[in-house]
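Structural description and commentary
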Amino acid sequence: NVNNRELPPWVFNSPIEEPLPPVTLVPSHSSNENPVIISPLQNNDEDCFKRGHIIHRLLQTLPDLEPEKRGLATKKFLDRNIYSLTSVDKEEITREVLSVINHIEFSPIFGSGSRAEVSLTGMVGKKIISAQLDRLLVTEKQVFVIDFKTNRPPPKSPDQVDEGYLRQMAAYRITIQNIYPDKEVKCALLWTVGAHLMELEPERLLKYELKII
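These notes cover the structure that comes with them. Residue indices begin from 1 for each chain and proceed along its sequence in written order. Reporting of local features is limited, given that this is a predicted model, to residues whose pLDDT is at least 70; pairs of side-chain atoms are given and counted only at 80 or more, and all residues count toward the totals for whole chains, interfaces and linings. Excluded from the side-chain calculation are hydrogens and water; included are all heavy atoms of the structure.

In this description a helix means any DSSP run of H or I spanning at least four residues, a strand means any run of E spanning at least two, and both kinds are numbered starting from the N terminus. What the chain contains, in helices and strands, is five helices and six strands. Scored against the burial criterion, the 213 residues of the chain give a buried share of 41%. Contacts: residue pairs with any heavy atoms within 4.5 Å of one another. Partitioning the contacts of the chain with sequence separation of at least 6, the portion at a separation of at least 24 is 68%. The method behind every accessible area is Shrake-Rupley, applied with a 1.4 Å probe, and residues are considered shielded solely by the protein chains displayed. Counting only carbon and sulfur atoms, one obtains 54% of the accessible surface of the chain, whose full area is about 13000 Å². Working definition: with a 1.4 Å probe on protein chains only, accessible area under 20% of the residue-type maximum means buried, over 50% means exposed, and in between means partly exposed.

Here it is as structure tokens:
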């Protein structure tokens, strides 16, 4: 009789606790650009976001075009009705973007060997890092990670950089170092206002990396 059978011992045991899934960190979500208003385009947070989005899109796509075609491509992009930009806005953004793209110092960053909008996912300690890199350049011995920032005005030195940005770049650096253990990983912020590339020393990012592990 089935009803008279003894139940197996495991029936009386508490279920084994399921392990918690790894925490996923999205570094850029903790970094919000908070520019000082110095132009008509930046009247509120929505305008700041729109301006940053436009500049990022242009910096993503223009390097693939021949230099002589970039000016016209920028004009066509900014003339799209979806953006509702004034002539002053368009001139300002065009000048800012082209000064970065055409800067001779940045030619390796935007050269044929570099990639735009690179998806990055990796396990660091017990955390999963998920990110979208603005620009990535991998060479034989080094890896360059570039993040575009449109803050106005930009900080003049790494000492003035917001900690949110440093945490963001530290997460990128430690994740990429795990992927390329034999290469030197360099991280830099490219401030579009003034076309200034600011490298962040590994020592500056180390304390933020230790908090991730």
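To continue, consider unusual backbone geometry. For the peptide bond that leads from Arg152 to Pro153, omega is -5 degrees, which places it in the cis range. Positioned with a positive phi, Glu117 is a non-glycine residue whose angle comes to about 50 degrees. With respect to the helices, strands and loops of the structure, Glu117 is situated in strand β2 (residues 114-124). Owing to a relative accessible area of 28%, Glu117 belongs among the partly exposed residues under this scheme. A positive phi angle is found at Ala195, which is not glycine, with a value near 50 degrees. Within the secondary structure layout, Ala195 lies in the loop between β5 (184-191) and β6 (196-200). Note on Ala195: relative accessible area 10%, which makes it buried.

With that settled, the discussion passes to the side chain of Glu96. Structurally, the position occupied by Glu96 is in helix α3 (residues 87-101). Accessibility expressed as a relative area gives 7% for Glu96, which makes it buried. In protein, a polar contact means a hydrogen-donor-capable atom and an acceptor-capable atom, both N or O and within 3.5 Å, with residues adjacent in sequence counting only if both atoms are side-chain atoms; elsewhere, any N or O pair within 3.5 Å suffices. There is a polar contact of 2.7 Å between the side chain of Glu96 and the side chain of Arg51. In this structure Glu96 touches Arg51, Ile55, Arg152, Thr192 and Val193, once residues within four positions along its chain are discounted.

A pair of strands is considered paired only if DSSP assigns at least 2 bridges between the two. As paired strands, β2 and strand β3 (residues 127-138) are joined by ten bridges and run antiparallel to one another. Along β3, the bridge assignment pairs Met123 with Ile128. The turn linking β2 back onto β3 is made up of two residues, and Gly125 within it adopts a positive phi angle of 65 degrees.

On to the pattern of salt bridges, then. Salt bridge, as used here: a side-chain nitrogen of Lys or Arg that lies within 4 Å of a carboxyl oxygen of Asp or Glu. Scanning the entire structure with this criterion turns up nine salt bridges. Asp79 is paired through a salt bridge with Lys90; the nearest N and O atoms lie 2.9 Å apart. Taken together, the residues span a long stretch of sequence, with Asp79 in the loop between α2 (67-78) and α3 and Lys90 in helix α3 at a distance of eleven residues. For Lys90, a relative accessible area of 24% translates into the label partly exposed. With a closest N to O distance of 2.9 Å, Glu209 and Arg173 form a salt bridge. With Glu209 in helix α5 (residues 202-212) and Arg173 in helix α4 (residues 163-179), this residue pair connects regions lying 36 residues apart in the sequence. This pair shows no difference in class: Glu209 is buried, exactly as Arg173 is. Residues joined by salt bridges that share partners form a network here, namely Lys75, Asp79 and Lys90.

Along the chain, Arg152 turns up in the loop between β4 (142-149) and α4. Spatially, the C-alpha atoms of Arg152 and Cys48 are 9.8 Å apart, while their sequence positions differ by 104 residues. In this structure the side chain of Arg152 is engaged in a polar contact, spanning 2.9 Å, whose partner is the side chain of Glu92.

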